[in-house]
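In case you want the letters, here they are:
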Amino acid sequence: MTDNNSPPGSPKVNPDHTSEANPLPTDDSSLENIVRRFQDSMSLGKRHKFWETQPVGQFKDVGDTSLPEGPIELPTPLSEVKQEPYNLPSQYEWTTCDMDSEETCNEVYNLLKNNYVEDDENMFRFNYSKEFLRWALRPPGYYKSWHIGVRAKASKKLVAFITGVPARIRVRDEVVKMAEINFLCVHKKLRTKRLAPVMIKEVTRRVHLENIWQAAYTAGVVLPTPITTCQYWHRSLNPKKLIDVGFSRLGPRMTMSRTIKLYKLPDQPVTPGFRKMELRDVPAVTRLLRQYLSQFVVSPDFDENDVEHWLLPTEDVVDSYLVESPKTHDITDFCSFYTLPSSILGNQNYSILKAAYSYYNVSTKTPLLQLMNDALIVAKKKDFDVFNALDVMHNESFLKELKFGPGDGQLHYYLYNYRIRNALRTSELGLVLL
Ligand code: MYA
């Protein structure tokens, strides 16, 4: 990837924010930002030979408010959906990856571990665990046929991957059946050969075969056309390690011991009734979350099955906590984060950065700031090095005060075959993709 911004959810170097109790937002005039704005504007002018042919918002239409919101193309009769897979270059073949198989899951894990998303400086690479991949790829109603691999015919080695999972996404007051597309990965040695467009067309075909015509996805690269562009923020939990591995830097006029003190957290959560979510909480959490998410322009339409899958704690995958009122036993607040480590590339002392990613949080009685401070406390106790959050939903209200610093990359959100008239503010987005 040569032409991109920082990739999705990538680990980010945090320029100097360790020096500040209230880190400043990135300085607009910094060289880094000037370069980024230049790259972005180039990207807007750039031809996208593949994306120009797809039913997505096109750059030329940005600002044209006469275009209607909603599907860009109508569904075609299922009998007209191409029945055979797209052609691959002759040395390669399609494979459907059975994530129940330990062997296949290992192959997928290794492909991603060695070839998936890196930060701009190639210091860190996502290292999704096998349990995480199984969780991410097998939600209620999932289709095995949407877990698509490419193998080299001769060696049978897995060299590329793309996935979809079904989701109901609400856009304003329409609930739309969509595919969430993720884990697009082409082996480093096979890059820039236009394999990605074939993989995207193939997943699209298989989604169409299930009579689904829309999709949601995120990427670190600018493509036609983001519905919104978010920023990652990072809260140091283990500042010494983060500095040692080059994730963050010691700020000017800061010593290591002052930095450690700055990020110190209490030993236990402070909110009375704060506890881990259990199976019996699924109905109450579903009600709380549905009510909360209804205020955003785009959000998932979770039912109890979805909540059980996506939010019930799973060891080393997803953690969820809630506040049960000690008096009424009502469930009043909820917070969650998922576990996504990154490999640290080329460091003598450390090989893994343990990162927690803020997922869905709901506050009705406990102030969000206090709830998220409790989330930081439990994440620290679980030995995470850093807690990451996007500036979506109401997250902006706690980021600076809880000593998160802005990351150096952006995450763009996209819809396929669904037009939104104007880009959303990040606070209007109620969707977190993995
Ligand atoms: S985002 C994570 C993406 N993965 C990585 O960043 C891992 C490391 N990188 C790689 O493995 C490769 O660089 C990839 C591109 C595979 C990304 N999303 O084959 P190429 C366009 C969409 O020569 P390569 C995630 O998983 C690019 O603009 N398109 O390039 C969500 C160009 O098109 P155009 C992308 O570098 C994925 C073309 O591909 C991305 O060898 C959502 C070049 O192809 C990207 N991240 O491989 C996918 N990167 O000429 C879309 C590059 O037009 C889903 N490209 O500019 C759409 C909905 C589908 C379902 C619809 C159902 C209805």
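Structural data are supplied above this passage.
Residues numbered from 1 in each chain as written. Predicted model: local features only at pLDDT ≥ 70, side-chain atom pairs only at ≥ 80, totals over all residues. Heavy atoms only, no water.

1. Observations concerning the overall build of the protein chain
Along the protein chain, the regular secondary structure elements total 10 helices and 17 strands. Counting all 434 residues of the protein chain, 57% fall into the buried class. For the protein chain, the proportion of contacts with a sequence separation of at least 24, taken over those separated by at least 6, is 77%. Of the roughly 19400 Å² of accessible surface on the protein chain, a fraction of 51% belongs to carbon and sulfur atoms. (Helix = DSSP H or I, 4+ residues; strand = E, 2+ residues; numbered from the N terminus. Buried < 20%, exposed > 50% of the residue type's maximum accessible area, 1.4 Å probe, protein only. Contact = heavy atoms within 4.5 Å. Areas by Shrake-Rupley, 256 points an atom, 1.4 Å probe, with all protein chains shown as cover.)

2. Quick word on the pairing of strand β6 (residues 214–219)
Of all 6 residues making up β6, 6 are buried, and the element is well covered by its neighbours. Neither face of β6 is exposed, since Q214, A216 and T218 on one face and A215, Y217 and A219 on the opposite face are all buried. Judged from the 5 bridges that link them, β6 and strand β17 (residues 405–416) form a sheet pairing that is antiparallel. The residue bridging A216 from the neighbouring strand is L415, located in β17. (Pairing = 2+ DSSP bridges.)

3. Some remarks on the site of the ligand
Taken together, 35 residues surround the ligand, and among them H48, W51, L184, T192 and A196 come closest. Within the side chain of H48, a nitrogen or oxygen atom sits 2.6 Å from an oxygen atom of the ligand. Taking A196, its main chain carries an N or O atom lying 2.8 Å from an oxygen atom of the ligand. Starting from 1200 Å² of accessible surface for the ligand in isolation, the protein chains cover 94%. Among the elements of the structure, β5 (174–186), α4 (195–208) and β6 are those that each provide at least two residues to the shell around the ligand. Considering every element that reaches the shell around the ligand, the biggest residue donor is α4, with 7 residues. Each residue belonging to the shell around the ligand can be placed in one class, and the counts come to 23 nonpolar, 8 polar and 4 charged. (Near = heavy atom within 4 Å. Polar contact = N/O pair within 3.5 Å; in protein donor to acceptor, adjacent residues only side chain to side chain. Nonpolar A, V, L, I, M, F, W, Y, C, P; charged D, E, K, R; others polar.)

4. Comments concerning helix α9 (residues 368–381)
Compared with an ideal rise of 1.5 Å per residue, which puts 14 residues at 20 Å, α9 spans 20 Å between its outermost C-alpha atoms and is within 8% of the ideal. The element α9 is largely enclosed, with a buried count of 10 among its 14 residues. Among all positions in α9, only L368, L371, M372, N373, D374, A375, L376, I377, V378 and A379 are buried. Downstream of α9 by one or two residues, D383 has phi in the positive range, about 75 degrees. (Expected span 1.5 Å × (residues − 1).)

5. Side note on the packing of helix α2 (residues 102–115) against helix α3 (residues 130–137)
Close contact between α2 and α3 brings their axes to 10 Å; oriented N to C, the two are set at 105 degrees. Between α2 and α3, the interaxial angle falls into the category roughly perpendicular. For the pair α2 and α3, contact is made by E102, C105, N106, V108, Y109 and L112 and by K130, L133 and R134, respectively. The residue inventory of the contact of α2 with α3, partitioned by class, reads 5 nonpolar, 1 polar and 3 charged. (Axes fitted to C-alpha atoms, helices over the stretch in contact; angles between N-to-C directions. Parallel < 35°, antiparallel > 145°, perpendicular 65-115°, else oblique.)

6. Examining the sheet that holds strand β2 (residues 124–126)
Taken in spatial order, the 3 strands line up as β2-β12-β13 in an open sheet, and their pairing is antiparallel. Of all strands in the sheet, those with a lone pairing partner are β2 and β13 (352–353), marking the two edges. Pairing of β2 with strand β12 (residues 342–344), which is carried by 3 bridges, proceeds in the antiparallel orientation. When the bridges of β12 are listed, F124 appears paired with I344.

7. Concerning the environment of L195
Relative to the assigned elements, L195 resides in helix α4. Using a relative accessible area of 7% as the deciding quantity, one classes L195 as buried. Separated by 35 residues in the primary sequence, L195 and A160 have C-alpha atoms spaced 8.6 Å apart. Beyond its immediate chain neighbours, meaning those up to four positions away, L195 contacts L88, P89, A160 and V186.

8. As for the packing of aromatic side chains
Overall, the coordinates contain 26 aromatic pairs when judged by the stated rule. Centre to centre, the rings of W135 and Y359 are 6.2 Å apart; their planes meet at 70 degrees, and the pair counts as edge-to-face. Residue W135 is found in helix α3, and its partner Y359 is found in the loop between β14 (355–358) and β15 (362–363); the two are separated by 224 residues along the sequence. Each member of the pair W135 and Y359 is classed as buried. Here the aromatic rings of Y143 and W146 are separated by 4.5 Å at their centres, their planes lie at 40 degrees, and the arrangement is tilted. (Phe/Tyr/Trp six-rings, centres within 6.5 Å; stacked < 30°, edge-to-face > 60°.)

9. As for unusual backbone geometry
Residue P224 is joined to T225 through a cis peptide bond whose omega torsion reads -25 degrees. In this fold, T225 is placed in the loop between β6 and β7 (228–236). One non-glycine residue with positive phi stands out, namely R172, at about 50 degrees. We note that D383 has phi near 75 degrees; this positive angle belongs to a residue other than glycine. Within the secondary structure layout, D383 lies in the loop between α9 and β16 (386–390).

10. Brief notes about the side chain of S325
With respect to the helices, strands and loops of the structure, S325 is situated in the loop between β10 (318–324) and β11 (331–339). Look at S325 and you get buried, because its relative accessible area is 14%. When neighbours within four sequence positions are excluded, S325 is seen to be in contact with D330 and T332.

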